[in-house]
Amino acid sequence: MGLLYAVVAAGLTLIFGLMNVVNFAHGALLMAAMYATWLIHRSTGLDPLLQLPLVAALLFGTGVAIYRVLIARTLQIRVNGAMVQIFTTFGLSIFLVGLAQLVFGSDFQSINASFLGGRTLAFGAVVLPLPLVASGVVSLLVFLALFRLSRTEFGRALEATREDFEAVALIGVDRDRIFGIGWGIGAAAVGIAGVLLANFYYISPDVGTNFALIAYVAVALGGFGSILGALIAGLVIGLTEALTALVVDPSLKQIGIFLIYLAVLMFRPRGLFGKL
Amino acid sequence: MKRIKRRTVLTAVGASVGVGFARRARAVEEVKIGAVFPLSGNAAAIGQDARHALETMAEIINGRHNIPMLLGEGGGLSGLGGAKVKLLFADSQNNPQIARSAAERFITQDGVVAVIGSYTSATAVTISQICNRYQIPYISADNSSPSLNRQGLEWFFRPSPTDIDFTKAMFDFFAAIGEKTGEKVQSIAIIHENSVFGSDSAKLQARMAEAAGIKVLANISYQANIPSLSVEAERLRAADADVVMPSSYTSDAILLMRAMHDAGYKPRAIMAQDAGFIDPAFIAAVGPLAEGLLSRSAFAIDAVKQRPAIPAVNALFRNSGANKDLNDLTARELTALQVLGDALNRAKSTNNMALRAALRATDIPGNQTIMPWAGVKFDETGQNIKGNPVILQYQKGQWRAVFPFEIATAAADWHIKR
Amino acid sequence: MVERAGRALLSRRRRELLLGAVVLALLAALPLGVSGAYLRGLIVLALLYAGLSQAWNILGGYCGQISLGHALYFGIGAYTSALLFTRAGLSPFIGMFAGGLLSGLSAFLVGIPCFRLSGHYYAIATIVIGMMAALLASNWDFINAAQGITIPFHGEAWRNLQFRTAVLPFHYVMLVYAALMWLIAWVIEGSRWGFYWRAVKDDVTAARSLGVSIYPSKLAAAAISGAATGIGGALYAQYVGFIDPESAFDLSLSVLIALPAVVGGIGTLWGPLLGAAVLIPVQQLSVAWFGSAAGGIDLMVYGALIMVLALSRPEGLVSFFHPRARQEAVDHG
């Protein structure tokens, strides 16, 4: 589970690392990805696992679109820039949830006949559900991919653009294009998470909220802008949640996560690996 | 000039003294009834179902469907000269403040004669309180929290059984089936979501278990809408009680069943506190995992012999846009409107005082409804004392009534022996 | 030159005060033109949120600390007052005082560690603390845990702050609350603290070079903001008659408290009122009008509105009235 949190967080941190934007619509994007998976599965019978590249591409496009239509505008604004971004994406999130409810109804849907669903994998004495394992594996792959990306030309351009986009414009880098792609990748990451989740989780218009919240905590814990941070934080959170539930009443297990977050931030106000 | 002044003075006096409003009874074409349910948000499915249920009953009253039950002949409300029932719906978003505003709007702007609601206890509290202040009856269609009829309100009416009745039915069943098959329940594991529904339910279950000498091996509470219940499922598996007793809403119910399955745990018996577990969406989501699941219910859809109106009503419900069978919640909501309609007929007036008197005098025999109850008769707190719950079991794709044995339509599948 | 600027400032301040008095009078007379419990109730809510948002604005707008966990203080105020009323029979006027004290203290305590965090880290920390409070409250039996507290009608009386069906008294109560918050903000705007905070917001290093220690003043702002929010919570509890962890500590409430200020104009005097005047009716009416139709439309309307407002008027709705402010925003952009 921790890795899944991490993947959602990765997408978020990328977007943030780009331009100091906290995307409050992340949860809604996750929900969109899950619905997309469900729809495609229902109409074409394509197994979720095989849908990964398809939905990732779909979300990529959505991310770019969101950037172009909404976010680019927010960058023109210097006054209260951060607030505008927060509340724009927040409004977007509410809008998307409403839209989903309108289109899909609020009943729960789920994918029953998937390749991974319901099977388990045994490692000696430990029995793990296959969907979870697969999610873990894919999540790791996504992280590796993101890592490599940050080391490439593009990744560096991304970083530079964030630091000082005026200077960067001078050397011919189109900020809008770079950021657009960055948003696309971030959205694709959460899209992959959505597909993986759809394998074993139920789907409803509200499903994104809880995951998104944990993602935000993960990103802040790991440090805004750090991909490695998001990964580590995601894992820490997953672990903490499980441990806390064993020790105290499970309804309080999220408190463990929150306490860890606060504790870490007392000592490292920029998160574990934060660059900002 | 003088006329206007007098009216203004009267209104001012009336408002400031807070006198009960006496509505003039006059010949009516239609009777407006307000319904407040969560029509959006995460309980929207329930709210929309409630809407279909109420619309179905309104259709039965207003149309001519000749269904073998009270008000089934249709043709409007006979006691009011054939007046039609007009339903007004408002979304509560499960928010107590919005629910209260909606009820207030219905009462002050739309002139409803009564308000029906509301699914959650929190919204029921605010709605019933504001109805009480305006002296308009509130019919609690599907709120089961026992504390609601103990608020000291005089305009509160609840046809449906409370959680105390429901939980008692569960333990009565344990005792009875234990007697019958020799496999007595000796231990239970409780798992509940931690809002008012789950917590109340768990408290009752723990108390009744203690009284029955049954050990409570685990009492797990979890935060509703949490992403994962795998840890909780593990704890249940470790406890390995005779019966697992969950109280969850739909999404958590799905999560729990899957989590237990993933943990390789198949409980010997599961006795659910209704809610999410009887939601058709739950069944659709977990498929074969639901086989053998037991739940309390206020409604038994297969009790057709004793309640011949069920097939016709169910057909109407399906066609109203719901596309699913009646279940515990929708049946109760439908019946609530039936009770209200009956009271309106007997009151022969839309005056609130007359309506309340008629409600208080309600005495409907069970076989005039679709519910497996002995009947509908309210005590001084507005609670129906003749509503007895049943225990259902999901057998081969259908919910069958298995208790009380007198109205059971199938034998319970009960194998808890180790 | 300086003298002239000083005098201009004074007269601006006086004009604002005058404007405030006029608006107050208008709002006080408003119910005479509006009848019907529902519409009046709408105004009551709008006024309450205007006050709550102004309280938030003190910390978030003027001081620059964007808190998304203000529901914590709201909840503490609401619960304190409700508990004192239902269990000890104390008048809500005492209850709100006690509630305000407790919530102000909490805000102070929260500020101590959290003000070290910057921007987004701070925001998420406040979210986290808010959620923890919600979780703990749902499990604390002393306050009835998830069941919430019902505040039964004890008879119509000002002492009880309860009225059978009359909405008018609450209109004036909330009006006083909102007006008080406005006044506090006005005072802060002209005070030394206000000056320091504006300086810090614009340029942190410059402020530091002025030798300004802002930490204690921030804590004071937090305390005031928290206390004021708590009082609002107590008022809400008496008005609606029921509170539970979900309605008093939820994250969506925190956002709803901050939203009017942001939409109306963060860090401005009139922002919260304008924002509340637009947002609350939209939210309530969209549920009332669209909620009963296909579910979801009301959410879409609400969400779309927030997006449009945030994008088109980032300086807030106040810019409709201060064209100069908008020009400044665009210039510096």
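Residues numbered from 1 in each chain as written. Chains lettered and ligands numbered in written order. Predicted model: local features only at pLDDT ≥ 70, side-chain atom pairs only at ≥ 80, totals over all residues.

Caption draft 1: Here's a closer look at the domain arrangement of chain B. Residue and element names in this part refer to chain B. By domain assignment, chain B separates into domain 1 (25-161 + 306-387) and domain 2 (164-297 + 391-403). Using C-alpha coordinates to define each centre, domain 1 is positioned 29 Å away from domain 2. Each partner contributes to the interface: domain 1 provides 12 residues, whereas domain 2 provides 12 residues. A breakdown of the residues in the side of domain 1 that touches domain 2 according to their chemical character gives five nonpolar, five polar and two charged. (Domains from an automatic or database assignment. Contact = placed C-beta atoms within 7 Å. Nonpolar A, V, L, I, M, F, W, Y, C, P; charged D, E, K, R; others polar.)

Caption draft 2: Spatial organisation of the nonpolar core. Among the nonpolar cores identified, the biggest contains 331 residues, and A:V217, B:V115 and B:I116 are the most heavily contacted of them. Among the elements that make up this core, the one with the highest residue count is helix α2 (residues 37-62) of chain C (17 residues). Beyond its immediate stretch of four places on either side in the chain, A:V217 contacts A:I237, A:I257, A:Y261, C:I124 and C:V128. (Core = buried A, V, L, I, M, F, W, Y, C linked by C-beta atoms within 7 Å. Buried ≥ 20, exposed ≤ 12 C-beta atoms within 10 Å, placed from the backbone. Helix = DSSP H or I, 4+ residues; strand = E, 2+ residues; numbered from the N terminus.)

Caption draft 3: Representation of the sheet that holds strand β13 (residues 390-395) of chain B. Residue and element names in this part refer to chain B. Reading across the sheet, the four strands line up as β9-β10-β13-β14 and stay open at both edges, with mixed pairing between neighbours. Of all strands in the sheet, those bounded by a partner on one side alone are β9 (271-272) and β14 (398-403). As paired elements, β13 and β14 share five bridges and run antiparallel to each other. When the bridges of β14 are listed, Q393 appears paired with R400. (Pairing = 2+ DSSP bridges.)

Caption draft 4: View of the sheet that holds strand β3 (residues 114-117) of chain B. All names here are of chain B. Pairing is parallel across the open sheet formed by five strands, whose spatial order is β2-β1-β3-β4-β5. Only two strands of the sheet have a single partner each, and these edge strands are β2 (84-91) and β5 (156-157). Those strands touched by helix α11 (residues 328-347) are β1 (30-37), β2, β3 and β4 (138-140), and its axis lies near 165° from that of β3. (Axes fitted to C-alpha atoms, helices over the stretch in contact; angles between N-to-C directions.)

Caption draft 5: Quick peek at the interface of chain B and chain C. Taken together, the contacts link 35 residues of chain B with 32 residues of chain C. Put simply, the parts of the chain that give the side of chain B that touches chain C at least two residues each are α2 (44-62), β2, α3 (96-110), α4 (121-134) and α6 (196-211) of chain B. When residues of the side of chain B that touches chain C are assigned to their parent elements, the largest contribution, 10 residues, is made by α3(B). Here the side of chain B that touches chain C is composed, by residue class, of 12 nonpolar, 17 polar and six charged.

Caption draft 6: Spotlight on the environment of C:V262. Residue and element names in this part refer to chain C. Among the structural elements, V262 can be located in helix α11 (residues 251-265). On the neighbour-count criterion, V262 (31 C-beta atoms within 10 Å) is buried. Along the backbone, V262 and P272 are 10 residues apart, and their C-alpha atoms lie at a distance of 7.5 Å.

Caption draft 7: Unusual backbone geometry, seen in detail. All names here are of chain B. Residue G117 is joined to S118 through a cis peptide bond whose omega torsion reads -5°. A cis amide bond links F403 with the next residue in sequence, P404, at an omega value of 0°. With respect to the helices and strands, P404 occurs in the segment after β14. Positive phi, close to 55°, is recorded for N94, a residue that is not glycine. Residue placement: N94 occurs in the loop between β2 and α3. For Q135, which is not glycine, the phi dihedral falls at a positive 60°. In this fold, Q135 is placed in the loop between α4 and β4. A residue is classified by how many C-beta atoms lie within 10 Å of it, and Q135, with 20 of them, is buried.

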